[in-house]
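An overview of the molecular structure
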Amino acid sequence: MDKVILEKRIVEVNNVVKTFGEVRAVDGLSFTVNSGEIFGLLGPNGAGKTTTVKLILGLLEADEGEISVFDMLPSTDEMAIKQKIGYVSEEPLIYKSMTPKELFDFTSSIRKLNPKETTAKLQRYLESLEAEQYYDKLIATLSRGNKQKMQIIASLLHEPKLLIMDEPLTGLDAKSAKIVKEILELHAENGGSVIFSTHILEVAEDVCDRICIINKGKAIATGTMKELSKLADKAGADLEEIFLKLTQQDESVNLIISNLRELTGNGGNR
Ligand SMILES: Nc1ncnc2c1ncn2[C@@H]1O[C@H](COP(=O)(O)OP(=O)(O)OP(=O)(O)O)[C@@H](O)[C@H]1O
Ligand SMILES: [Mg+2]
């Protein structure tokens, strides 16, 4: 069933610049995220995805431009905005000396969640992701994928309207990744929004309703997969070629491949 995308603007990023010394990590970036959509930030390593996410969360302050989240400003309304956001960072869980149970108890108490409802939700999510047996183990002893599952569950407990997920599928096996995608789709079908950052084209294609391709802090193309594919068709290339071309990686990929072939003695043979 096609979902109805309501056009309420949840996040607006307008001409935002963020520099770190000489590096323009975000360089005049603009996009809008509506309610009911999974919005992808797709770009190569170092493109500025995590910096953009941190600006939206109010963890970093923009040098130029404006950001609004639920019509509030991350720089002044950080706490109010955070109550409506569930965030999965690109780093694996940092609370290594805690168990997931303690992490969820802590999250529930600072968010003042109803214990009974939260326990029921937790049980459902832990079962869905086959992670019940790790509930009481030290986070430090969990595998990367299981740490990631706990981080994802913690971000969902307060039923935030906006989920911001920075490379959330990293480390997850195929089955768990499928379940997480399903959770995100249900969230959007119910009118919630997701900002989903990834460097993997196939993942963005699979998960996102609209995608903003960013490179060197700039938006290069924004649209649905269909719109981006049209762009690719026009250029007579497939989407992967277009992505590499738009992000200026195509020539360097060819050069690296030919260097590797030379190194392994395959130069000019194929
Ligand atoms: N705290 C920082 N200090 C200095 N430079 C930074 C800092 N954070 C990010 N950068 C630089 O900003 C640019 C964008 O980094 P960012 O982490 O936003 O990229 P990304 O798209 O998330 O990459 P990845 O796919 O590797 O996660 C990079 O050049 C990075 O080195
Ligand atoms: Mg990143």
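These notes cover the structure that comes with them.

Right, let's talk about the overall build of the chain for a bit. Scanning the chain for helices and strands turns up 10 helices and nine strands. Relative to the globule expectation of 18 Å for 270 residues, the C-alpha radius of gyration of the chain, 20 Å, shows essentially globular dimensions. Dimensions along the principal axes, computed over C-alpha positions, put the chain at roughly 65 × 45 × 45 Å. Looking at the chain residue by residue over its 270 residues, the buried ones come to 35%. Across the chain, the fraction of contacts at a sequence separation of at least 24, relative to all contacts at a separation of at least 6, is 69%.

Next up on the list: the environment of M225. In this structure, M225 sits in helix α8 (residues 225-234). Each C-alpha atom, one on M225 and one on C208, is 8.1 Å from the other, the two residues being 17 residues apart in sequence. Non-local contacts of M225, meaning those with residues more than four positions away in its chain, are made with E205 and I211.

This paragraph deals with the site of ligand 1. What surrounds ligand 1 is a group of 13 residues, the closest being F20, A25, N45, T50 and T51. Those elements that provide at least two residues to the shell around ligand 1 are β2 (23-34) and α1 (49-57). When residues of the shell around ligand 1 are assigned to their parent elements, the largest contribution, three residues, is made by α1.

This brings us to the sheet that holds strand β6 (residues 162-166). An order of β5-β6-β7-β3-β8-β9 is seen for the six strands of this open sheet, with the pairing classed as mixed. On the outer flanks of this sheet lie β5 (85-88) and β9 (218-224), each paired with one strand and no other. Each neighbouring strand pair of the sheet contributes to a mean axis angle of 15°, computed without reference to strand direction. Sheet analysis places strand β3 (residues 38-42) next to strand β7 (residues 193-198), joined by five bridges and oriented parallel. Residue pairing across strands places L41 opposite S197, the latter belonging to β7. The sheet contacts of helix α6 (residues 174-189) involve β3, β6 and β7, and relative to β7 the element is tilted by about 145°.

The subject of this paragraph is the pairing of β7. A regular strand places its side chains so that they alternate between the two faces of the sheet. Within β7, six of the six residues are buried, which leaves it mostly tucked inside the rest of the structure. Across the two faces of β7 the burial is the same, with S193, I195 and S197 and V194, F196 and T198 all buried. Of the strand pairs in this sheet, β6 and β7 are connected by five bridges, and their pairing is parallel. Among the inter-strand pairings, D166 is bridged to a residue of β7, identified as S197. Each parallel crossover has a hand, and for β6 linked through α6 to β7 it is right-handed.

So, how was this worked out
- Residues numbered from 1 in each chain as written.
- Chains lettered and ligands numbered in written order.
- Predicted model: local features only at pLDDT ≥ 70, side-chain atom pairs only at ≥ 80, totals over all residues.
- Helix = DSSP H or I, 4+ residues; strand = E, 2+ residues; numbered from the N terminus.
- Rg over C-alpha atoms; globule rule 2.2 N^0.38 Å.
- Buried ≥ 20, exposed ≤ 12 C-beta atoms within 10 Å, placed from the backbone.
- Contact = placed C-beta atoms within 7 Å.
- Near = placed C-beta within 6 Å.
- Pairing = 2+ DSSP bridges.
- Axes fitted to C-alpha atoms, helices over the stretch in contact; angles between N-to-C directions.
- Right-handed = clockwise from strand over helix to strand, strands pointing away.

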